[in-house]
Amino acid sequence: MTIQEKYIKRCITLAKNGFGTTYPNPMVGSVVVHNDKIIGEGWHYKAGQPHAEVNAIASVRDTSLLEESTIYVSLEPCNHFGKTPPCSDLIIQKGIKKVVIGTVDTFAKVSGAGIQKLMQAGCDVTVGILEKECLELNKRFFTFHNKKRPYIILKWAETKNKYIAPKHTDKRAPVWITNARSRQLVHKWRTEENAILVGGRTVVQDNPKLTSRDWSGQNPVRIIIDKTGKIPDNSYILDRNTKTIILTSKEHTRASDDMLIYETLHSKNDIEEQICTILHKHDIQSVIIEGGAFTLQSFIDKNLWDEARVFTGDSTFINGIEAPSLTGNIVNTQKIVNDVLTVYQND
């Protein structure tokens, strides 16, 4: 590992402290190095608060060293006024002459302009250090801005013989494929992503709350595909306790408000693409699609997914609803008590 990679790796580690709190901004980390020693470091804590470079520079005790230092940052310094001033201006103002950047920020308001300003001011700028890792760090942010859709995570649990649910269930007694530890992990994931999506059939059959009640954190926005308007009025997802978006092809008589929003799906052929467009309109950068099998498979068939998290429980059904069929690169496998979690990536 080179010296530059060493410090950009530290930037990535710092940036991860902002996971779940920087939305809609990306996660960014920064360090200031003088004579191969870190003299300042910081990360972006929360949208609206100072950026990583500002926090790193502010943490330097002896500011006279800045002109002889190098600043490392995982993402290109901004060059526009948002809720905070441009970071590129601060770097120039402090007289820092060497800047090492993990990756260019492809967000339209930045997109190389920060790098250009630094170079025009006489800074020695290096770009593309651990670029793959820096892009992975903000995969949700980049997918949202580059592909105009949220980062899509598929999630389901299946039995050892590949069933996602039994044919017939007693609604009074839910059938769990996974153990309590796995189910708690799912609730943790819900606090980390912007939204959760299920089909209307899942709501009718299971009446889920789709909240993160088993983990401390913010509930995701609930997205429900209810093309024919069959969701019962007493469904939990209509309780307005959490922001919910209902996607329907049927003319809806209920009025939208801040907590319950109705969006119209038009044709039958490009439903998944329409859903992505609607979620992008609502500034949703990431979504977990939890079911049912038909909804999951429809996104797989349209190749509209980025990651899949599949639990295999220690059980079998004699018959049932078949689990989705998916092909992707396995990037991680882990045991959770007697369950197996396999994570796939779509190339």
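Residues numbered from 1 in each chain as written. Predicted model: local features only at pLDDT ≥ 70, side-chain atom pairs only at ≥ 80, totals over all residues. Heavy atoms only, no water.

Take the UniProt feature "active site" (unreviewed entry) in the chain next. Mapped onto the present numbering, the UniProt feature "active site" (unreviewed entry) falls at E53. Every residue in contact with E53, bar those within four places of it in the chain, is listed here: S30, I71, V73, L75, P77, C78, C87 and I91. (UniProt positions renumbered as here; feature names shortened; annotations may be inferred. Contact = heavy atoms within 4.5 Å.)

Strand order in the open sheet made by the nine strands is β11-β10-β9-β8-β12-β6-β13-β16-β15, with mixed pairing throughout. The open sheet terminates on both sides in strands that have one partner only, identified here as β11 (260-264) and β15 (329-336). Strand-to-strand, the axes of this sheet are offset by a mean angle of 20°, without reference to chain direction. The sheet contact formed by strand β6 (residues 151-158) and strand β12 (residues 286-291) spans four bridges and is parallel. Across the sheet, the residue bridging to Y151 is S286, located in β12. Sheet strands in contact with helix α10 (residues 293-301) are β6, β8 (195-199), β9 (221-225) and β12, and its direction is about 135° off that of β6. (Pairing = 2+ DSSP bridges. Helix = DSSP H or I, 4+ residues; strand = E, 2+ residues; numbered from the N terminus. Axes fitted to C-alpha atoms, helices over the stretch in contact; angles between N-to-C directions.)

Turning next to the UniProt feature "binding site: substrate" (unreviewed entry) in the chain. Taken from the UniProt record, the annotation "binding site: substrate" (unreviewed entry) applies to R190, D206, L210, R213 and E290. For R213, the position within the fold is in the loop between α8 (200-206) and β9. Aside from chain neighbours lying at most four places away, what touches R213 is H187 and R190. By the secondary structure assignment, E290 is in strand β12. On the basis of relative accessibility, which here comes to 15%, the residue E290 falls in the buried class. Here R190 takes part through its side chain, which lies 3.1 Å from a polar atom of the side chain of E290. (Buried < 20%, exposed > 50% of the residue type's maximum accessible area, 1.4 Å probe, protein only. Polar contact = N/O pair within 3.5 Å; in protein donor to acceptor, adjacent residues only side chain to side chain.)

Let's shift gears to helix α6 (residues 139-147). The buried count for α6 comes to seven of nine residues, which makes it a mostly enclosed element. All of the buried residues in α6 are K139, R140, F141, F142, T143, F144 and H145. Positioned one or two residues after α6, K148 has a phi angle of 60°, which is positive.

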